[in-house]
Amino acid sequence: MKQRLVVSTLVLALAGCASAPHATRENALMPATPANRYIPEPLGNAATVDEMRAAPAPAIPDLATGTNPSGDRNRLAAQGYVLIGTGNFPGTENVVREEAIRQGRQVGAERIVLYAPPEETESRREWRASYFVRFQLPFGATFRDLRNEERITLGAAGGVQIGSVVTDTPASRANLRTGDFVLKFDGKPVLDRNAFQSLLKSRAGHPVTLTIVRNGETLQRVVRIGAMIR
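Remember, predicted model here, so these are calculated numbers, not experimental data.

What counts and how
- Residues numbered from 1 in each chain as written.
- Predicted model: local features only at pLDDT ≥ 70, side-chain atom pairs only at ≥ 80, totals over all residues.
- Heavy atoms only, no water.
- Helix = DSSP H or I, 4+ residues; strand = E, 2+ residues; numbered from the N terminus.
- Expected span 1.5 Å × (residues − 1).
- Buried < 20%, exposed > 50% of the residue type's maximum accessible area, 1.4 Å probe, protein only.
- Arc of directions from axis to C-beta.
- Contact = heavy atoms within 4.5 Å.
- Pairing = 2+ DSSP bridges.
- 1 Å grid on protein atoms, 1.4 Å probe; cavity = no way out; pocket = protein on both sides within 12 Å on 5 of 7 lines; lining within 4 Å.
- Points joined across faces, edges and corners; volume = space filled by probe spheres on them.
- Nonpolar A, V, L, I, M, F, W, Y, C, P; charged D, E, K, R; others polar.
- Salt bridge = Lys/Arg side-chain N within 4 Å of Asp/Glu carboxyl O.

Student: If you had to explain helix 4 (residues 93–107) to someone new, which residues and values would you point to?
Tutor: For helix 4, with 15 residues, the first-to-last C-alpha span of 21 Å sits near the 21 Å given by 1.5 Å per residue. All buried positions along helix 4 are accounted for by Val96, Ala100, Gln103, Gly104, Gln106 and Val107. Down the axis of helix 4, the buried side of the element spans an arc of 155°, and every buried residue falls inside it. For helix 4, the exposed residues lying more than 90 degrees away from the buried face are Asn94 and Glu98. Those residues of helix 4 that are buried lie in contact with strand 2 (37–40), helix 2 (46–52), strand 3 (62–65), strand 4 (81–90), strand 5 (111–115) and strand 6 (126–134). Looking one or two residues past helix 4, Gly108 carries a phi angle of roughly 75°, positive in sign.

Student: Before we move on, can you summarise the pairing of strand 4 with the specific residues and values?
Tutor: The buried fraction of strand 4 amounts to 9 of the 10 residues, a majority that puts the element mostly inside the structure. Here 4 bridges tie strand 2 to strand 4, and the two strands are oriented antiparallel to one another. If you follow Pro40 over to strand 4, its bridge partner there is Gly85. As paired strands, strand 4 and strand 6 are joined by 9 bridges and run antiparallel to one another.

Student: With reference to specific residues and values, describe unusual backbone geometry.
Tutor: Backbone geometry places Asp186, a non-glycine residue, at a positive phi of 50°. By the element assignment, Asp186 lies in the loop between strand 9 (181–185) and strand 10 (188–189). In the Ramachandran plot, Asn215 falls in the positive-phi region, its phi being about 55° despite a non-glycine side chain. Its location among the elements puts Asn215 in the loop between strand 11 (207–214) and strand 12 (217–224). Exposure remark for Asn215: the relative accessible area of 81% places this residue in the exposed category.

Student: Please provide a residue-by-residue account of the pairing of strand 6, values included.
Tutor: The sheet contact formed by strand 5 and strand 6 spans 5 bridges and is antiparallel. Each bridged residue has a counterpart across the sheet, and for Ile112 the counterpart in strand 6 is Tyr131.

Student: I'd love a proper account of the layout of surface pockets, names of residues and values included.
Tutor: The calculated volume of the largest pocket comes to roughly 490 Å³. The wall of the largest pocket is formed by 21 residues, among which Ala77, Tyr81, Val82, Val166 and Thr167 lie closest to the centre. Put simply, the parts of the chain that give the lining of the largest pocket at least two residues each are helix 3 (69–77), strand 4, strand 8 (160–165) and helix 6 (170–173). The residue makeup of the lining of the largest pocket, split by class, is 12 nonpolar, 5 polar and 4 charged.

Student: Explain the pattern of salt bridges to me, and be specific about the residues and the numbers.
Tutor: Applying the stated rule across the entire model yields 9 salt bridges. Between Arg53 and Glu110 there is a salt bridge, with its nearest N and O atoms 3.4 Å apart. Taken together, the residues Arg53 in the loop between helix 2 and strand 3 and Glu110 in the loop between helix 4 and strand 5 connect sequence positions 57 residues apart. Given a relative accessible area of 12%, Glu110 falls into the buried group. Asp180 is the partner of Arg214 in a salt bridge, and the nearest nitrogen-oxygen pair spans 2.8 Å.

Okay, structure coming up:
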C-alpha cells in the first residue's frame, strides 16, 4: 500500500498537476554538499509540489532580496505561496544569485527570496535562499491511506490520516490536526486516499462534514472546501 503523503490541498490542488521543466528535479533532494545545502520542507518533495502547484513552474524563478524571513514568509503566504525549501550558498552575491536560481529551477520554485549573511567577515560567507511555490489550497492538508493495523484499531474498513496541515487554509480553520483519522465524509465512509481526494474535488466550493477520530475520540469537523483555481 502506498504511504505517500498527498495534500488534501493536494486533493484539490491535485487536480491541477502541472508539468514543469524538472529534468533534474531529483538533484534537489540529493544529500547536501558543502557548496549548496538545500533542505526541503515537509511539503517540498517533487511529487507534492507538482500536484499542488497552481500554475506551471516558470522558466526562471523570480528572485528578490529580503531582510525579514518570517515577515516575507507571512507576506507570501497571504498570496498563496508556500515555502518548499531553503538553501545556503557561499560566495559573492553574483555567484550566489546564479546558484540560487539554478537550484530554484531544479525544485520548480516560482519565487526566491535571498538573504545576505548577517555580517561582512573574512571567513566564508553563506547566503540563505528561501524557495516558494504558489499552491492551490482548497483543502490545505496532506493525507495518506490507513495502515492495516490502524484500520483494525479503529474498526474501520477504510479512511485516511491527516499529515501536514497548512496554516490559514480550510483544513486548519476547521481545526484539523496532524494525526487525525478521517473516517467519514458527509456521513459516508471514506474508502481510501483516492476516494477522499475525489470527494474533496467533487465538493469544491462547498462545506462538508468530516467524521474524525483524534486520540480515541470521535469528532465532527465542518470544512469549507475552497474553489478550484483552474
